[in-house]
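Letter by letter, the chains look like this.
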Amino acid sequence: MTGRIRVGIVGGGLAGITVAIALSKHRHVDVHVYESSPQFTERGAGIGLSPLTLEALNNIIPSAIDLLKTEAGAVEADAARLVIVRTDRCLAPFPRLSSGTEAGALVADLGQGAGLTMNRAPLLQTLLSLLPKEILHARKRLKSLEQVDSGVRVTFEDGTNEHFDAVIGADGIFSTVRDHVLGGKEHAASPAGWWDCRHLVPFEKAREALGEESFKVDRQYAWLGDGAAMLHGLVENKTMVQCIIAAIDKSFSTDRKREVTRNSLNDALPASWYKGPVAKGMVDLILDQEDPKGYAQWEHKFTPTYANNRVCIIGDAAHATSPWQGAGAGISIEDAFIIGHLFSNISTAAEIESAFKAFDALRRPRCQQVVDNGRRTGRLFCGQDETVGVNAEKMGRELGLMFAPLGALDLKLHKEDALSIMQEFLNN
Ligand SMILES: Cc1cc2nc3c(=O)[nH]c(=O)nc-3n(C[C@H](O)[C@H](O)[C@H](O)COP(=O)(O)OP(=O)(O)OC[C@H]3O[C@@H](n4cnc5c(N)ncnc54)[C@H](O)[C@@H]3O)c2cc1C
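Residues numbered from 1 in each chain as written. Predicted model: local features only at pLDDT ≥ 70, side-chain atom pairs only at ≥ 80, totals over all residues. Heavy atoms only, no water.

A. Examining the confidence of the model for the protein chain more closely. On average, residues of the protein chain carry a pLDDT of 90, and 93% of them reach 70 or more. Residue range residues 87–102 is modelled with pLDDT below 50. Its contacts to residues more than four positions away, or to other chains, number 42 contacts. (pLDDT = per-residue confidence, 0-100. Contact = heavy atoms within 4.5 Å.)

So, in C-alpha cells, the structure goes:
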C-alpha cells in the first residue's frame, strides 16, 4: 500500500508496544518499534491495571481482559486496603492486629471495582504476540533525531539511519526523545523523595511472616505510618506475594540504586513501626533474598509539552511518576488509546503535527495530575503531611481525594475531545 504514514516508535516497553498495537490496526499506518535491549522484555514483579485502564486496553485490543487472564496469568484484584500502623486512636476493625491501642486502624478500602494484577514479563509477551515480528527491531538504541522538511531522521548508536513521517518516544524515564522534544535536559527526571525495596515470596511464607489477618481480604494491603509505608499483594495466580517497603529518602543521592541491609532498614523505619503488626515480618521477608537492593523513586516534576512538530512523547518518557498511585502504566495505556484514535482520523503526514498537538493539549493536564497526586499520596502514606499527620480519618479523606480522579475519566468523551481539539488545530 503506497502513501502510508510511517511511524517510528522508540522504546519497546508497555507504552511503546501498546501504542504500536493501537497504530498497527490502521492499514494506512506503517509502524516500527526500536528497542535498545537485545530482547523485548520487562523486568520486575507485579503490576496492577485498574478497571479504567482495562477499558482503554479493551478499546485497543478487543477481549484484552480474557487474553490477559488466559495468557498472562492475570488475576482479579480490588484496589488496595489501606491500614494504619500507628495513629492517635484506634478505629478497628483490626483490634487483634494491634500491638498497642494505636495500631491497626482501617484508613480506607480504595475502590474502582476489580482490576487485574499480573507479572510484567507475561503482560509484555502477551502484547508482543499481537504484533508482526518484522516490525519489532531489538538492539537498536536511538542516538539522535533530526526534524527535516519531509519528516524525522533517526540515527541509531549502531550507525544506521531511518526516515519516518513521525516519531513517538516511548523510551522511558531517561528518554532521549524527551530531550529532543523539550530542547534539553532542563525538565529531566529528579528524585521524588522516597526509595523502595521489593521481594517476591511464596504465599505460605508471607502468611507465616505477616499473619493470617494480613490476607483477610482479597486486596493489596498498604500499611501506612511514620516516615514509611509497607505494601503486600498476591500475584501469580495467588501463589506469590509481592512485598514492598518504601521510605523517605534521606540520602539526597543522585545514585538511584542502593544496598539494603537490616541496618539501613532500621535506619529508615522509625521505632513506631515495630510496635505495629507487620514491620518485623516485612523486613525479614525483604532481607530473605540474595543481595537485596533499593531504588530511589524519580519523577518528571513538570513537562512543558509532549509534542514538537512530528515528534511526541508518551508513557514514562512524558510523565514518569512516583509509584504511589500505581497508575504509570495505566496512563501510558490511555496515551496509546488516544494516539491510536487520533491516527485513525488522519490520512496524510501533513496532519500529524495537529494530531500530536491535540494529544499534548488533552493528555498533559490528566497526566500531570497523576504525577502531582502521586507525590502527595506518598506524603500522606508516610505521614508527612503536617495537617493530616498519621490520623486515620483525615488520611482516608485526603487519600480518597487523591485517588478519585484516576477512575473518573469518561473514555468516550476523552476520545471525542481529542478529535475536536485536533480539528481546531487542523482548521488554524
Ligand atoms: C516500582 C514500580 C511499581 C509500579 N507499579 C505500577 C502499577 O501497579 N500499575 C501501573 O499502572 N503502573 C505501575 N508502575 C509504573 C509503570 O511500571 C510504568 O509507568 C510503565 O512501565 C512505563 O512504561 P514505558 O514503556 O513508558 O517505559 P519503560 O518500561 O521504561 O520502557 C522504555 C523502553 O525504552 C527502551 N529504551 C530506552 N532508551 C532507549 C533508546 N535510546 N533507544 C531505544 N530504546 C530505548 C528501554 O530499554 C525500555 O524497554 C510502577 C512503576 C514502578 C517503578
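Back to the text.
B. Spatial organisation of the site of the ligand. Within the structure, the ligand sits among 30 residues, and Glu-35, Arg-120, Leu-142, Arg-198 and Asp-316 are positioned closest to it. Between the ligand and the protein, one listed contact pairs a nitrogen atom with a backbone N or O atom of Leu-142 at 2.9 Å. Gly-326 is positioned such that a nitrogen or oxygen atom in its backbone is 2.9 Å from a nitrogen atom of the ligand. Protein chains bury 79% of the 1000 Å² of accessible surface belonging to the ligand in isolation. For the shell around the ligand, the secondary structure elements donating two or more residues are α1 (14–24), β3 (46–49) and α10 (328–344). (Near = heavy atom within 4 Å. Polar contact = N/O pair within 3.5 Å; in protein donor to acceptor, adjacent residues only side chain to side chain. Areas by Shrake-Rupley, 256 points an atom, 1.4 Å probe, with all protein chains shown as cover. Helix = DSSP H or I, 4+ residues; strand = E, 2+ residues; numbered from the N terminus.)

C. Highlighting the pattern of salt bridges. Here the structure, examined in full by the defined rule, presents 28 salt bridges. Put simply, Glu-212 and Arg-207 hold a salt bridge, and the shortest N to O gap is 3.3 Å. A salt bridge links Asp-360 to Arg-364; the nearest nitrogen and oxygen atoms lie 2.5 Å apart. Residue Asp-360 and its partner Arg-364 are located together in helix α11 (residues 352–381), separated by four residues, close to a single helical turn. Assessed through its relative accessible area of 10%, Asp-360 is described here as buried. You can call Arg-364 partly exposed: its relative accessible area is 22%. (Salt bridge = Lys/Arg side-chain N within 4 Å of Asp/Glu carboxyl O. Buried < 20%, exposed > 50% of the residue type's maximum accessible area, 1.4 Å probe, protein only.)

D. Structural context of the environment of Met-402. If you trace the backbone, Met-402 turns up in helix α12 (residues 392–407). For Met-402, a relative accessible area of 10% corresponds to the buried category. Along the primary structure Met-402 and Gln-242 are separated by 160 residues, whereas in three dimensions their C-alpha atoms are 24 Å apart. Those residues in contact with Met-402 that lie beyond four places of it in its chain are Gln-325, Asn-373, Arg-376, Thr-377 and Leu-380.

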